[in-house]
Amino acid sequence: MIFLRQAAQTVVRRAAFATTVGTARPSAFINATASLATMAGSAVTSPSPAASPAAFRSSGMTCRGFADAAAATEQGEHSSPWKNFPMAPPDPIIGLTEAYLNDDFPQKVNVGVGAYRCDQGNPFVLPVVREAEQELIKEELDHEYSGIAGCPNFVNLALRFVYGEDCTPLKEKRIAGVQTLSGTGGLRVFGEVLAQFGHKHIYVPNPTWGNHIPIFTNAGLEVKKYRYYDNATCSLDFDGLIEDMKGMPEGTCVLLHACAHNPTGMDPTPEQWKEISKVAMEQNLLPFFDCAYQGFASGDARKDAAAVRMFVEDGHKIALVQSFSKNFGLYGQRIGALSVVADSPEEALRVQSQLKVHIRPSYSNPPRHGARIVGKILASEEKTNDFVEQCMGMAQRINSMRSKLREALESLGSTRSWDHITKQIGMFAYSGMSKEEVTALREKHHIYCTLDGRISMAGVTSNNVEYIARAIYDVTEGK
């Protein structure tokens, strides 16, 4: 019926137009509308087919009037299905960047986005990535689909990178692995798998990366929090963390940041990680590691994977998601991996099959180019060594900016302690500034960071560190 109505309205409009411009008689218009009215029921109202053109004209319903009526009817029946959609709030990070880009202040600074910048404030591509990319171009590879689980070579090398070549479950083929759309995609896939197999909730540290909560919520899990950071002392709340873990129900999945905790940059010590592993084992918890900064945090990929490797050696059947955005600088390539340690090779295959079941209707299969870049680097000892050296360079620049920012704040005579800036690790400094101070920083000094006071140290350079320090001093000391 909808089709007939649409057809009727179309013919009416055409007949009306033809009659109006003189290429058709009014009787033709009347006959056309009458026949369609019979087919479409109430879709079109027509004068009697027997009516004369004179009667048609005297009725007051001109051809143009019929056309206008048809158009109005059509407009009413085809109102937008999106008209009740409200405007969604802007993403905290993307919205921050948009505000920064619209600011014409010459000394504006963006320290909100978690992407590395060189000391000139520009995006940085690792030379070894450029080298690998050029080699791939020369190979003239095809652009066929990858499998649902991604590029097998990349997955195998990614697992070896994080678990270590001597990892027993890896040698015994007890680790199920798939390529994912960076860390975000892996988090979502595993969240869906958890929800399907009986998990009702997941515990995340407080605070955690802002996107963790909507990812797991949209996957069907209730997100609960455990204590992690003490804002009063700007340090790890280890006692609160352990107490909360001991109160978690048996079998609960608990999210852990493998290194360079986002947003605080405050990681447990090796001894504290050992205690966390012990409690998790006693409570029969399922540790799920988010590993987004391996190699970038300390400059030593092996050191940054120490917690993951410890838990596996302790006998945990962990799940792990990796991102290659920060450490390899492949932000736009969306390269990641999701893996699960199983009891046996057969169990690992069953787990992998379930991961694939969730990937297929979500994004079908992952991209190949970035995976080939990572694979080419990790497959070569020489290129891997170059990567380690270049990654160390990024980490060292970040650490040097931490020291300079702290020194500048202290030299200004700040009454606050800023030693936490150099105690933290990775891309971010959790400054301890309040929302009001962050807002003042933006409005008075055009420095953009997230409202929780998280500063991306990648945006701090030799040229702006003094300016940033003076601005922070101004809004925190009121001077």
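All of these numbers come straight from a predicted model, not from anything done at the bench.

### What to know about the overall build of the protein chain
Inference 1: Helices and strands together make up the secondary structure of the protein chain, namely 20 helices and 13 strands.
Inference 2: Intrachain contacts of the protein chain at a sequence separation of at least 6 include 74% that bridge at least 24 residues.

### Topic: the pattern of salt bridges
Inference 1: Summed over all chains, the structure comprises 21 salt bridges.
Inference 2: Here Asp 119 ties to Arg 397 by a salt bridge, and the two come within 3.1 Å at their closest N and O atoms. Of this pair, Asp 119 sits in the loop between strand S1 (109-110) and helix H6 (127-139) while Arg 397 sits in helix H17 (residues 381-411), placing them 278 residues apart in sequence.
Inference 3: Assessed through its relative accessible area of 21%, Asp 119 is described here as partly exposed.
Inference 4: With relative accessibility at 10%, the residue Arg 397 sits in the buried group.
Inference 5: Among the charged side chains, a salt-bridge network with shared partners connects Glu 131, Glu 135, Glu 139, Lys 376 and Lys 383.

### Examining the sheet that holds strand S4 (residues 222-227)
Inference 1: Taken in spatial order, the 7 strands make up an open sheet running S2-S10-S9-S8-S7-S3-S4, and their pairing is mixed. Single-partner strands in this sheet number two, and they are strand S2 (175-181) and S4. Looking at each pair of strands side by side, their axes are set apart by 25° on average, direction ignored.
Inference 2: For strand S7 (residues 253-257) and strand S8 (residues 286-291), the ladder comprises 5 bridges, and the chain directions are parallel. For Leu 256, the partnering residue across the bridge sits in S8 and is Phe 289.
Inference 3: Taken strand by strand, helix H14 (residues 306-313) contacts S7, S8, strand S9 (319-323) and strand S10 (335-341), and its axis lies near 155° from that of S8.
Inference 4: Here helix H15 (residues 345-363) sits on the sheet in contact with S2 and S10, set at roughly 15° to S2.

### A short note on helix H9 (residues 182-196)
Inference 1: Over its 15 residues, H9 runs 22 Å from end to end, which matches the ideal 21 Å to within 8%, given 1.5 Å per residue.
Inference 2: The buried count for H9 comes to 11 of 15 residues, which makes it a mostly enclosed element.
Inference 3: Those residues of H9 that sit buried are Ser 182, Gly 183, Gly 185, Gly 186, Leu 187, Val 189, Phe 190, Gly 191, Glu 192, Val 193 and Leu 194.
Inference 4: At the C-terminal side of H9, Gly 198 shows a positive phi close to 100°.

### Remarks on the pairing of S8
Inference 1: Most of S8 sits out of view: 6 of its 6 residues are buried.
Inference 2: Residues Leu 286, Phe 288 and Asp 290 of S8 are buried on one face, and the alternating residues Pro 287, Phe 289 and Cys 291, pointing to the opposite face, are buried as well.
Inference 3: Considered for its hand, the β-α-β crossover made up of S7, helix H12 (residues 270-282) and S8 is right-handed.
Inference 4: Across 4 bridges, S8 lies against S9 in parallel orientation. In the strand pairing of S9, Asp 290 is matched with Val 321.

### So, the packing of aromatic side chains
The relation between two aromatic rings is expressed through the spacing of the ring centres and the mutual angle of the planes.
Inference 1: Here the structure, examined in full by the defined rule, presents 17 aromatic pairs.
Inference 2: Judged by centre distance (6.3 Å) and plane angle (35°), the ring pair of Phe 161 and Phe 324 falls under tilted. Remark: Phe 324 occurs in the loop between S9 and S10 and Phe 161 occurs in helix H7 (residues 152-163); sequence separation between them is 163 residues. The same class applies to Phe 161 as to Phe 324, namely buried.
Inference 3: Here the aromatic rings of Phe 289 and Phe 311 are separated by 5.0 Å at their centres, their planes lie at 85°, and the arrangement is edge-to-face.

### Re the pairing of S7
Inference 1: Burial within S7 is extensive, with 5 of its 5 residues counted as buried.
Inference 2: Pairing of strand S3 (residues 201-206) with S7, which is carried by 2 bridges, proceeds in the parallel orientation. Bridge pairing links Tyr 203 to Val 254 in S7.

### Overview of the side chain of Glu 133
Inference 1: Mapped onto the fold, Glu 133 is located in helix H6.
Inference 2: Apart from the residues lying within four places of it in its own chain, the contact partners of Glu 133 are His 369 and Ile 373.

### Some thoughts on the nonpolar core
Here is a general trend for soluble globular proteins: nonpolar side chains tend to be buried in one another's company.
Inference 1: Core analysis: the biggest nonpolar cluster contains 99 residues, and Phe 154, Tyr 163 and Phe 289 have the highest contact counts within it.
Inference 2: Discounting chain neighbours no more than four positions away, the residues touching Phe 154 are Gln 179, Phe 324, Ile 335, Gly 336, Ala 337, Ala 371 and Val 374.
Inference 3: Core analysis: the next-biggest nonpolar cluster, separate from the first, contains 24 residues, Phe 190, Ile 215, Leu 255 and Leu 286 among them.

### Details of the confidence of the model for the protein chain
Inference 1: Looking at the protein chain as a whole, the pLDDT averages 88, with 84% of positions reaching at least 70.
Inference 2: Counting contacts from residues 1-8, a segment whose pLDDT is below 50, to residues more than four positions away or on other chains yields 12 contacts.
Inference 3: Contacts for the low-pLDDT stretch residues 10-63, under 50 throughout, to residues beyond four places or in other chains number 64 contacts.

### Here's the deal with the environment of Phe 238
Inference 1: Relative to the assigned elements, Phe 238 resides in helix H11 (residues 238-246).
Inference 2: Judged by its relative accessible area of 17%, Phe 238 falls in the buried class.
Inference 3: Taking the C-alpha atoms as reference points, Phe 238 and Gln 272, separated by 34 residues in sequence, lie 7.8 Å from one another.
Inference 4: The residues contacting Phe 238, other than those within four sequence positions of it, are Gln 272, Glu 275 and Ile 276.

Reading the values: rules and limits
- Residues numbered from 1 in each chain as written.
- Predicted model: local features only at pLDDT ≥ 70, side-chain atom pairs only at ≥ 80, totals over all residues.
- Heavy atoms only, no water.
- Helix = DSSP H or I, 4+ residues; strand = E, 2+ residues; numbered from the N terminus.
- Contact = heavy atoms within 4.5 Å.
- Salt bridge = Lys/Arg side-chain N within 4 Å of Asp/Glu carboxyl O.
- Buried < 20%, exposed > 50% of the residue type's maximum accessible area, 1.4 Å probe, protein only.
- Pairing = 2+ DSSP bridges.
- Axes fitted to C-alpha atoms, helices over the stretch in contact; angles between N-to-C directions.
- Expected span 1.5 Å × (residues − 1).
- Right-handed = clockwise from strand over helix to strand, strands pointing away.
- Phe/Tyr/Trp six-rings, centres within 6.5 Å; stacked < 30°, edge-to-face > 60°.
- Core = buried A, V, L, I, M, F, W, Y, C linked by side-chain atoms within 4.5 Å.
- pLDDT = per-residue confidence, 0-100.

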